[in-house]
Amino acid sequence: MKAPDDAEFTEFAATTIRRLRRTAYLMCGDWHRAEDAAQDALVKVYRRWHRIDRTQGVNAYAHQCLVTAVFDQSRKPWRRERLIETDEQTGLLPDPVGSVDNRMLVVQALSALPPSQRACVVLRHYADLSLEQTAEILGIGLGGVKSQTSRGLARLRELLDQTERSAS
């Protein structure tokens, strides 16, 4: 890669890595997997950097690589193992407003969605991508994105309502 391209990619990666990591986290519910997926996505973007149309396609391509990385990770047999969290690992700083608890409830509810619904909800409502961009990234039609998003949001409402009722 040429020096100007290398500098341009470095700037892109520095400004994008946090957003990619957060998007991946919402899709998989694990910060370590999210970090790996974001790095895998940036590696794929780097390899094709000189061929990507940077005026409009780089963010969409990065998200496409990210979604592929998250889905690929979930298919690996070792990913099916679950770690048991101890009180030491889950110990958070006091949160008088409860915003951390609310975010954790949403992340838990997202993890209960099927992968396609989760991807549609996260890409549409967190990553703020259009219907067309989401459809292109996931390789499905616009109708598929609409229905998966609608079903995912309905299921999220159910799960969050159940959590709210059980807390009261």
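Residues numbered from 1 in each chain as written. Predicted model: local features only at pLDDT ≥ 70, side-chain atom pairs only at ≥ 80, totals over all residues. Heavy atoms only, no water.

- Going by an unreviewed UniProt entry, the protein chain carries the name SigE family RNA polymerase sigma factor and comes from Kribbella sindirgiensis.

Brief notes about the side chain of Gln-148
Right, so step 1: When you line up the elements, Gln-148 lands in helix 8 (residues 142–167).
Right, so step 2: When its relative accessible area of 17% is taken as the criterion, Gln-148 is described as buried.
Right, so step 3: Beyond its immediate chain neighbours, meaning those up to four positions away, Gln-148 contacts Ser-116, Gln-117 and Cys-120. (Helix = DSSP H or I, 4+ residues; strand = E, 2+ residues; numbered from the N terminus. Buried < 20%, exposed > 50% of the residue type's maximum accessible area, 1.4 Å probe, protein only. Contact = heavy atoms within 4.5 Å.)

What to know about the packing of helix 6 (residues 115–126) against helix 7 (residues 131–138)
Right, so step 1: Their axes nearest at 10 Å, the elements helix 6 and helix 7 cross at an angle of 140 degrees. With respect to helix 7, the axis of helix 6 lies oblique. With respect to the hand of their crossing, helix 6 and helix 7 are arranged in right-handed fashion. Here Ala-119, Cys-120, Leu-123 and Arg-124 of helix 6 lie close against helix 7, whose contacting residues are Leu-131, Thr-134, Ile-137 and Leu-138.
Right, so step 2: Counted by class, the contact of helix 6 with helix 7 contains six nonpolar, one polar and one charged residues. (Axes fitted to C-alpha atoms, helices over the stretch in contact; angles between N-to-C directions. Parallel < 35°, antiparallel > 145°, perpendicular 65-115°, else oblique. Left-handed = near helix turned anticlockwise from the far one by under 90°. Nonpolar A, V, L, I, M, F, W, Y, C, P; charged D, E, K, R; others polar.)

Some points on the packing of helix 2 (residues 31–47) against helix 3 (residues 58–75)
Right, so step 1: Orientation of helix 2 relative to helix 3, taken along the N-to-C sense of each, is 130 degrees, at an axis distance of 8 Å. The pairing of helix 2 with helix 3 is recorded here as oblique in orientation. Once helix 2 is placed against helix 3, the crossing between them reads as right-handed. Here Arg-33, Asp-36, Ala-37, Ala-38, Asp-40, Ala-41, Lys-44 and Val-45 of helix 2 come into contact with helix 3, specifically with Val-58, Tyr-61, Ala-62, Cys-65, Leu-66, Thr-68, Ala-69, Val-70, Asp-72, Gln-73 and Ser-74.
Right, so step 2: Residue classes in the contact of helix 2 with helix 3 are distributed as 11 nonpolar, three polar and five charged.

So, the nonpolar core
Right, so step 1: Core analysis: the largest hydrophobic core is formed by 42 residues, its most contacted members being Phe-12 and Val-45.
Right, so step 2: Every element with two or more residues in this core is listed here: helix 1 (3–28), helix 2, helix 3, helix 5 (99–111), helix 6, helix 7 and helix 8.
Right, so step 3: With 10 residues, helix 1 is the single largest residue contributor to this core.
Right, so step 4: Residue assignment places this core across two domains, with domain 1 (1–77) and domain 2 (97–167) each supplying three or more. (Core = buried A, V, L, I, M, F, W, Y, C linked by side-chain atoms within 4.5 Å. Domains from an automatic or database assignment.)

Brief notes about the pattern of salt bridges
Pairs may arise between side chains of opposite charge once their charged atoms sit close together.
Right, so step 1: Applying the stated criterion across every chain yields a total of two salt bridges.
Right, so step 2: Measuring nitrogen to oxygen at the nearest pair gives 2.6 Å for the salt bridge that ties Glu-35 to Arg-21. Taken together, the residues span a long stretch of sequence, with Glu-35 in helix 2 and Arg-21 in helix 1 at a distance of 14 residues.
Right, so step 3: Given a relative accessible area of 25%, Glu-35 falls into the partly exposed group.
Right, so step 4: Given a relative accessible area of 23%, Arg-21 falls into the partly exposed group. (Salt bridge = Lys/Arg side-chain N within 4 Å of Asp/Glu carboxyl O.)

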